[in-house]
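Coordinates in review
Each chain, written out:
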Amino acid sequence: MTTEIFQEHRGLLVGVAYRILGSAADAEDVVQEAWLRWSGVDHETVADPKGYLIRVTSRLAIDRLRWAQSRRESYVGPWLPEPIGTTPDVAERAELADSVELALLVVMETLSPLERAVFVLREAFDLPFSEIAEVIGRSEAATRQLAKRAREHVQDRRPRFGADRARRREITERFINASAGGDLEALMALLSDDVTLVGDGGGKARAPLRVLAGREKVGRFLTAVATADDIAKFMASIGVDDYADLTFEVTSVNGGPAVVMSAAGRVVTVISLVVADGRIDTIYLIANPEKMGHLRPAA
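Rules used in this analysis
Residues numbered from 1 in each chain as written. Predicted model: local features only at pLDDT ≥ 70, side-chain atom pairs only at ≥ 80, totals over all residues. Heavy atoms only, no water. UniProt positions renumbered as here; feature names shortened; annotations may be inferred. Helix = DSSP H or I, 4+ residues; strand = E, 2+ residues; numbered from the N terminus. Buried < 20%, exposed > 50% of the residue type's maximum accessible area, 1.4 Å probe, protein only. Areas by Shrake-Rupley, 256 points an atom, 1.4 Å probe, with all protein chains shown as cover. Lys, Arg positive; Asp, Glu negative; His and termini not counted. Charge placed at Lys NZ, Arg CZ, Asp CG, Glu CD. Polar contact = N/O pair within 3.5 Å; in protein donor to acceptor, adjacent residues only side chain to side chain. Contact = heavy atoms within 4.5 Å. Salt bridge = Lys/Arg side-chain N within 4 Å of Asp/Glu carboxyl O.

Per an unreviewed UniProt entry, the recorded name for the protein chain is RNA polymerase sigma-70 factor (ECF subfamily), and the organism is Nonomuraea africana. As stated in UniProt under Subunit (unreviewed entry), the record for the protein chain gives "Interacts transiently with the RNA polymerase catalytic core formed by RpoA, RpoB, RpoC and RpoZ (2 alpha, 1 beta, 1 beta' and 1 omega subunit) to form the RNA polymerase holoenzyme that can initiate transcription." Listed in UniProt under the heading Sequence similarities (unreviewed entry), the comment for the protein chain reads: "Belongs to the sigma-70 factor family. ECF subfamily."

On to the overall build of the protein chain. Along its length, the protein chain carries 13 helices and 6 strands. Here the C-alpha coordinates of the protein chain stretch approximately 65 × 40 × 35 Å along the principal axes. When each of the 299 residues of the protein chain is scored for burial, the buried share is 48%. Here the protein chain displays about 14,100 Å² of accessible surface, and carbon together with sulfur accounts for 49% of that area. Averaging the coordinates of the 37 positive side-chain charges in the protein chain and doing the same for the 44 negative ones gives two points 4 Å apart.

Turning next to the environment of glutamine 7. Looking at where glutamine 7 falls in the secondary structure, it is placed in helix H1 (residues 2–21). Glutamine 7 gets classed as partly exposed once you look at its relative accessible area, which sits at 47%. For the pair formed by glutamine 7 and arginine 296, sequence separation is 289 residues and the distance between their alpha carbons is 23 Å.

To continue, consider the side chain of threonine 143. Relative to the assigned elements, threonine 143 resides in helix H9 (residues 140–157). Separated by 2.8 Å, the side chain of threonine 143 and the backbone oxygen of serine 139 make a polar contact.

Here we take up the UniProt feature "domain: SnoaL-like" (unreviewed entry) in the protein chain. The positions UniProt marks with the feature "domain: SnoaL-like" (unreviewed entry) are residues 173–280. With 33% helix and 37% strand, residues 173–280 has end C-alpha atoms that lie 12 Å from one another.

Within the element layout of this structure, leucine 187 appears in helix H11 (residues 184–190). Considered as a pair, leucine 187 and lysine 204 are 17 residues apart in the sequence and their alpha carbons are 27 Å apart. Once residues lying within four places of it in the same chain are set aside, the contact partners of leucine 187 are Phe175, Ala178, Ser179, Gly219, Leu222 and Thr223.

Time to look at the pattern of salt bridges. In this structure the tally under the stated criterion is 23 salt bridges. Arginine 64 is the salt-bridge partner of aspartate 29, the closest N and O atoms lying 2.9 Å from each other. Within this pair, whereas aspartate 29 is found in helix H2 (residues 24–40), its partner arginine 64 is found in helix H3 (residues 49–72), the two being separated by 35 residues in sequence. Residue classification places aspartate 29 among the partly exposed positions, given a relative accessible area of 40%. A relative accessible area of 23% means that arginine 64 is categorised as partly exposed.

Below is the structure:
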């Protein structure tokens, strides 16, 4: 029963840890540690296994986030969350999909570890403040204040999606067709005037080391990297010599449509777009090969 109870809640625990951490690999490590804690506890003393497991996982995730944030200070270039594939049923359930959107996770990176944990447990999983207070070791009043501050911070900075998922998918498909085809005019028509591009190569793949801003700069960068020469240089940077099978697919990543580029049997790049007022407002380009382990290439 010990194993069965844990497995029953494992998906929930991974979801909690991933939202707090923004890293699928770290979330798996945290859940594994939670399993070790669970397997060593006297289960007759645990009246609410689900609540116990959420508390343990959340506390471990908070500690892990503190450690991870200190490491990110020396990260090469911008840091973006690790993308995860989401099945169609999750992508269609807004209350689940919205809480793992890359744009939201990016904003949550600016919260303190405690604020982020409180925000996740309250906004994504609707835990009572009394339970969240027990998780973080604060009074209920202090927890409510943390939640209020975190919610206001996120609301002030979270991008306002100006299109539904079907419209975003259409724009994503037009974006990749224009980019891959080197059609600068078609691409520029999709970009807002103050569009930004955030690239994450982590020093392990060719990607911009600074945020690119402005339609002209972003458009020319995207058409330039689509040339055969630049593709070859990018592939060489991640150790791929043969990329004759290079493919582009629009699929569901973190609850929304994204471009997934695959070659040599693995995912090599993910591009996620924030669309507002019918145009692309932000482009997240993730190329760090260490962040592709939870994505599968197109069949």
